[in-house]
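Reading the structure
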Amino acid sequence: MIHLLKKGLALLAVLSISVVLLAAYMSSSNLSKESHTEVIDYSESIESRDSTLKVMTFNIGYLSGMTNNLSIHRESQFFADQLMQAKNLIKVANANVVSFQEIDFGASRSFHVDQLDSIASAGKFVSGYKSINWDKKYVPFPYWPPSNHFGQMLSGQAILSRYPIETDTTIILNPNLSAPAYYRAFYLNRLLQIAEINFRGSQVKIMNVHLEAFDKKTRLKQLEIVKREFEKYASQQPVLLMGDFNSEVPDRSAERDAIDLLMEAKWITSAIPFDQELENRTFSSEHPVRMIDYIFYNKNYFRCIDAKVLNEAGPISDHLPLWAELETR
């Protein structure tokens, strides 16, 4: 009996070690950290005659539409059709600068297509700046059945520009430390991208962010960093801050969230006024009930001519994109 017990314990120990080693392998990176940020030259720069800066921000949800995070089987043709719609939308929007969140750079879940390279061809973009925030050999989510797992993951944030990107900085934001260790091992990082372009002789900072979705304390800590970076440049040059903030417009009757804190920054203004939130909600694309995506700018250097939610995007993503036209003062 004791002999059988020892054999059982030994087998359990081997199985436990095997599970730990497998989890460590699956949660490891495909690429080196040095490869997680890259500025890509798509074409030669041409002299622009644009008098205004047209910008767009879009959490494309890896082009999964309203199926994002659902445990369902998808065919490659589904993503090909979604990609074509996204390219057409961006071409019609005619934005000079587009910031993306949840964009895949060759992940299993979207059939190994580099969505940034594919979309770049649609808008005559000169430069692309990508930052990988989710690099795992295997992500076992959605949990069941295993046939619908995300698998190999390579995803993140990006900026496309019709002007050369002259400088770039990627800041990794605070992780959600309240989440279990196994969850954090497979979870994405939250990032702030900061790029600089030259628009009509002005050095313009473009900031692209994707904040924590599930833990408000973490989101507020992340926003403190974003606010600090915005304020660092806002008094000196034009600054655009765009992205998915996972936070609704300020509401004095509710607990303070990220947007409440951000609006304490000097000079900051929302391209879409908060009192127009009802007709400019961005999530979800099928039945918009919340505004959580924004375009902000510093009003001492920019004047907003027009801004809107692009409802015509439909279910390319579970988010709707925002578009704005601005001129420098």
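Further up the page is the structure itself.
Residues numbered from 1 in each chain as written. Predicted model: local features only at pLDDT ≥ 70, side-chain atom pairs only at ≥ 80, totals over all residues. Heavy atoms only, no water.

**Digging into the environment of Asn311**
With respect to the helices and strands, the residue Asn311 is situated in the loop between β12 (302–309) and β13 (322–328). Residue classification places Asn311 among the partly exposed residues on the basis of a relative accessible area of 47%. Considering only alpha carbons, one finds Asn311 and Glu286, 25 residues apart in sequence, at a separation of 9.7 Å. (Helix = DSSP H or I, 4+ residues; strand = E, 2+ residues; numbered from the N terminus. Buried < 20%, exposed > 50% of the residue type's maximum accessible area, 1.4 Å probe, protein only.)

**Some words on the pattern of salt bridges**
One pass over the structure, following the stated rule, counts 14 salt bridges. Between Asp257 and Arg219 there is a salt bridge; the shortest N-O distance is 3.0 Å. Taken together, the residues span a long stretch of sequence, with Asp257 in the loop between β9 (239–244) and α6 (258–262) and Arg219 in helix α5 (residues 216–234) at a distance of 38 residues. Judged by its relative accessible area of 11%, Asp257 falls in the buried class. Look at Arg219 and you get buried, because its relative accessible area is 6%. (Salt bridge = Lys/Arg side-chain N within 4 Å of Asp/Glu carboxyl O.)

**Thoughts on the layout of surface pockets**
There is about 1000 Å³ of room inside the largest pocket. Around the largest pocket, the lining is made up of 44 residues, and of these Asn69, Tyr187, Arg190, Ala213 and Phe214 lie nearest the centre. For the lining of the largest pocket, the secondary structure elements donating two or more residues are β4 (127–139), β5 (151–161), α4 (181–186) and α5. Taken together, the residues of the lining of the largest pocket sort by class into 19 nonpolar, ten polar and 15 charged. When its volume is computed, the second largest pocket comes out at roughly 460 Å³. Taken together, 24 residues form the lining of the second largest pocket, with His36, Asn133, Ile172, Leu188 and Asn189 sitting closest to its centre. When residues of the lining of the second largest pocket are traced back to their parent elements, those giving at least two are β4, β6 (167–172) and α5. With five residues, β4 is the single largest residue contributor to the lining of the second largest pocket. (1 Å grid on protein atoms, 1.4 Å probe; cavity = no way out; pocket = protein on both sides within 12 Å on 5 of 7 lines; lining within 4 Å. Points joined across faces, edges and corners; volume = space filled by probe spheres on them. Nonpolar A, V, L, I, M, F, W, Y, C, P; charged D, E, K, R; others polar.)

**Section: the sheet that holds β4**
An order of β1-β4-β5-β3-β2-β13-β12 is seen for the seven strands of this open sheet, with the pairing classed as mixed. Both outer strands of the open sheet, β1 (37–41) and β12, are each paired with one neighbouring strand and no more. With strand direction ignored, the average angle separating the axes of adjacent strands in the sheet is 20°. Contacts from helix α2 (residues 76–93) reach β2 (53–59), β3 (97–104) and β13 within the one sheet, and its direction differs from that of β2 by about 155°. (Pairing = 2+ DSSP bridges. Axes fitted to C-alpha atoms, helices over the stretch in contact; angles between N-to-C directions. Contact = heavy atoms within 4.5 Å.)

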